Amino acid sequence: MTAWQTQVRRTALAHDLEEAHRYAVGAASAGLQDAGLGPVRLTGTAVPVLADAAVTSATPFVRAPLLARLSRVRRLHSPRAATDPDLCPTCRVPAPCPTTKELDQ
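Caption draft 1: Highlighting the pattern of salt bridges. Throughout the structure, instances matching the rule amount to 2 salt bridges. A salt bridge links Arg63 to Glu18, with the shortest nitrogen-to-oxygen separation between them at 3.6 Å. With a gap of 45 residues between them, Arg63 in helix α3 (residues 46-76) and Glu18 in helix α2 (residues 12-32) connect regions that are remote in the sequence. The residue Asp104 makes a salt bridge to Arg74 at a minimum N-O spacing of 2.9 Å. Linking Asp104 in helix α4 (residues 98-104) with Arg74 in helix α3, this pair joins segments that are 30 residues apart in sequence. By relative accessible area, which is 39% here, Asp104 ends up partly exposed. Given the relative accessible area of 30%, Arg74 is considered partly exposed.

Encoded structure:
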């Protein structure tokens, strides 16, 4: 585990994103070894490393739109001291609202 990974909050969302990454590496590994590729098919111990590198390179492009949307949702549901610090500004219920609770799981 790298230093940045130890600083990541262990939320359900982080778990789901890491699980999605593992699935993507598995799919990429299978794809690199697909017999349909014929002579350009990759085999051997380098395949998982190559698949992980390929998925890691693509992951920011896959995750960025999702993370940007989640960030916007969090800002919409974060109480502000300037208005009413005890109410969700979007839901108008006591903070933390159900949306914020779901994001924090």
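Caption draft 2: View of the packing of α2 against α3. At a minimum axis separation of 8 Å, α2 and α3 run at an interaxial angle of 140°. Compared by their axis directions, α2 and α3 come out oblique. You can see that α2 and α3 cross each other, and the crossing is right-handed. Contacts between α2 and α3 involve Leu13, Leu17, Glu18, His21, Ala24, Val25, Ala28, Ser29 and Leu32 from the former and Val47, Pro48, Leu50, Ala51, Asp52, Val55, Thr56, Thr59, Arg63, Leu66, Leu67 and Leu70 from the latter. Class assignment of the residues belonging to the contact of α2 with α3 gives a composition of 14 nonpolar, 4 polar and 3 charged.

Caption draft 3: Quick peek at unusual backbone geometry. Cis peptide bonds are those with omega within 30 degrees of zero, and the linkage from Ala95 to Pro96 qualifies with -5°. Mapped onto the fold, Pro96 is located in the loop between α3 and α4. Even without being glycine, Arg92 reaches a positive phi, approximately 60°. Tracing the chain through its elements places Arg92 in the loop between α3 and α4.

Caption draft 4: Quick peek at α2. Over its 21 residues, α2 extends 30 Å from the first C-alpha to the last, a length consistent with the 30 Å expected when each residue adds 1.5 Å. Within the span of α2, buried status applies to Ala14, Leu17, His21, Val25 and Ser29. End-on view of α2: buried residues confined to an arc of 120°, all on one side of the axis. Structural note: α2 exposes Tyr23 and Ala27 on the side pointing more than 90 degrees away from its buried face. Where the residues of α2 are buried, they touch α3.

Caption draft 5: Focus on the confidence of the model for the protein chain. Averaged over every residue, the pLDDT of the protein chain is 87; the share at 70 or more is 96%. Across the protein chain, element-level confidence peaks in α4 with a mean pLDDT of 89 and bottoms out in helix α1 (residues 3-7) with 72.

Parameters at a glance
- Residues numbered from 1 in each chain as written.
- Predicted model: local features only at pLDDT ≥ 70, side-chain atom pairs only at ≥ 80, totals over all residues.
- Heavy atoms only, no water.
- Salt bridge = Lys/Arg side-chain N within 4 Å of Asp/Glu carboxyl O.
- Helix = DSSP H or I, 4+ residues; strand = E, 2+ residues; numbered from the N terminus.
- Buried < 20%, exposed > 50% of the residue type's maximum accessible area, 1.4 Å probe, protein only.
- Axes fitted to C-alpha atoms, helices over the stretch in contact; angles between N-to-C directions.
- Parallel < 35°, antiparallel > 145°, perpendicular 65-115°, else oblique.
- Left-handed = near helix turned anticlockwise from the far one by under 90°.
- Contact = heavy atoms within 4.5 Å.
- Nonpolar A, V, L, I, M, F, W, Y, C, P; charged D, E, K, R; others polar.
- Expected span 1.5 Å × (residues − 1).
- Arc of directions from axis to C-beta.
- pLDDT = per-residue confidence, 0-100.

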